[in-house]
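Spelled out from the first residue to the last, the chains are:
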Amino acid sequence: MKKRIADTLRQKLLQERNLATFFGIGGLVLALIELLIILKICTHQTVVVTPPVVNESFWVDHKTVSESYLYQFSEFLAMTRFNIDPSNVDAQNELFLQQADSNDYGVLKKELVEQAKKIKREHLSIALFINQIHVDQKHLKVLIDGTLMSMVGGNATPEQPIHLLMQYRFLNGRLYLSSMSEVAPHA
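Residues numbered from 1 in each chain as written. Predicted model: local features only at pLDDT ≥ 70, side-chain atom pairs only at ≥ 80, totals over all residues. Heavy atoms only, no water.

Before going further, it helps to examine helix H2 (residues 67–82). With 16 residues, H2 ought to run about 22 Å at 1.5 Å a step, and its terminal C-alpha atoms sit 22 Å apart, in line with that. In terms of burial, H2 is largely enclosed, as twelve of its 16 residues are buried. Lining the buried residues of H2 we find helix H3 (89–97), helix H4 (105–122), strand S1 (124–136), strand S2 (141–152), strand S4 (160–171) and strand S5 (174–182). (Helix = DSSP H or I, 4+ residues; strand = E, 2+ residues; numbered from the N terminus. Expected span 1.5 Å × (residues − 1). Buried < 20%, exposed > 50% of the residue type's maximum accessible area, 1.4 Å probe, protein only. Contact = heavy atoms within 4.5 Å.)

Structure below.
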């Protein structure tokens, strides 16, 4: 009788040990699967490329971007920033700010909000005509020479030359606009 009780107890203990081993190994397998998923998420990166219209090929690697990408990106941002009127200024500003460096976002947004108020108040329309774009790939800088044409309440104002210096920051496979400022014409 004691032997039968001992055998039953031993069988029950073996079943519990086997069940615990099964769940332990299962938990370990799940932890490994989760680790692989986390590694895949951390190492796999999707880079969204702007501008929406690509005119020539370009490349982006882990350290920098091609000259043609800087050229096209700068052209897109300049046209977004300076081809505005009261009906599209808010949408253009939102599109422009999506490309801004987070460190400089506040300054750029404040400037654009003030400009939008003026455009709506004065019924101002602005168009930029780009003459030349000079790219400094090494320093991620672009100089744009162009002409601004404006209309205030339907009346054309004199053309104004404009020289824009755009500086970028390249972070995590993406190009961000750090600043856009008017500068003196270069020689």
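Moving on to H3. Along H3, the residues that are buried comprise Val89, Gln92, Asn93, Phe96 and Leu97. Buried positions in H3, seen along its axis, are confined to an arc of 130° and lie on one side of it. Against the buried residues of H3 lie H2, H4 and S5. (Arc of directions from axis to C-beta.)

By secondary structure assignment, the location of Ser181 is in strand S5. Separated by 17 residues in sequence, Ser181 and Leu164 place their C-alpha atoms 5.5 Å apart. Setting aside residues up to four positions removed in sequence, Ser181 forms contacts with His163, Leu164 and Leu165.

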